[in-house]
Structure formats: structure tokens, C-alpha cells
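Spelled out, the chains give:
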Amino acid sequence: MGQRNIFGYFQTMDQAQKAAEELKAQGFETVSVDRFSPMLGGNPYDGDEEVTSIFQNQSNSLTTTALGSPPMDDDARILAATHPDASGLAGGTGFSHPEDICVTVITDNDRYEEAFQLLEQYGARV
């Protein structure tokens, strides 16, 4: 009997945790919830505090202002500034919250569809 993994991407930690709890309740043993960031070094801004308190001693740049990026060297900052959310070239639809939370499930082939459907039921992009 082989194993498969499934990655379900969520926009909110609440959705992801509820999905993970349900998967565990249904007997899936290997379930993890992880947050990741497209920004080098992670994104310290989670929206719960003022941007100015995070970057008190930093000069403003496109990446700190638009993306809330952490301190980084010039090369990394220039590369991050090419992201569509920083440049404004994303079609003019405004900022959207990324799907930056991943629920990973490892399951037997026999239960793959069940886990897949549970993740979708809780709003994951699978």
C-alpha cells in the first residue's frame, strides 16, 4: 500500500487549523500546518500591529512600504520590488491576501480522495 501527500493552501490560519483538526479527527495521523512567505527571510508583518512599529529604525523603501518585507540586502530588496504587489502591475485589482498557509497530509492511496475532499470542504486550494 503506497502513500501520497496532499498540499492544501489557505488564506487564514483559522481555516487551516479547522481543516487539520477535522483531518486528525477522521484518523489521518500525519497532518501539519505551516505558514510560509514569498519574501526572503519571511514577512514579519501580520496585520495586527502598526507598520511603523516594525520598521522604526529603517528607511522606507518600496518593499517595506508595499510588502512589509524584513530588512534585507540591496540585491534581495531590488528583486523583491519586482513582485506584482509591489510594482502595482498586477492588473489594478488591489492587494489580495496570499494563500500563505499550507496544510500537508500524508495518507494511504486508499484514503487520498477522502483527505482531498476534506481539504476542499474547508476552503483549501488543493
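Remember, it's a predicted structure, so these values are computed and weren't measured experimentally.

Cut-off values and rules
Residues numbered from 1 in each chain as written. Predicted model: local features only at pLDDT ≥ 70, side-chain atom pairs only at ≥ 80, totals over all residues. Heavy atoms only, no water. Buried < 20%, exposed > 50% of the residue type's maximum accessible area, 1.4 Å probe, protein only. Helix = DSSP H or I, 4+ residues; strand = E, 2+ residues; numbered from the N terminus. Arc of directions from axis to C-beta. Contact = heavy atoms within 4.5 Å. Pairing = 2+ DSSP bridges. Axes fitted to C-alpha atoms, helices over the stretch in contact; angles between N-to-C directions.

Trainee: Can you tell me about helix H6 (residues 112-121), naming the residues and giving the values?
Mentor: Listed in full, the buried residues belonging to H6 are Tyr-112, Ala-115, Leu-118 and Leu-119. Mapping the buried residues of H6 onto a view down its axis gives an arc of 135 degrees, with all of them on the same face. Buried residues along H6 sit against strand E1 (3-10), helix H1 (13-25) and strand E3 (101-108). Remark: Gly-123 follows H6 within two positions and exhibits a positive phi of approximately 95 degrees.

Trainee: Quick rundown of the sheet that holds E1? Include the residues and the values.
Mentor: Backbone-to-backbone hydrogen bonds pair the strands of a sheet. The strands run either parallel or antiparallel. Spatially, the 3 strands line up as an open sheet ordered E1-E3-E2, and their pairing is antiparallel. Edge strands, defined here as strands with exactly one partner in the open sheet, are E1 and strand E2 (30-35). Between one strand axis and the next, the sheet turns through 20 degrees on average, direction left out of account. Bridge count between E1 and E3: 8 bridges; the pairing is antiparallel. Across the sheet, the residue bridging to Gly-8 is Val-103, located in E3.

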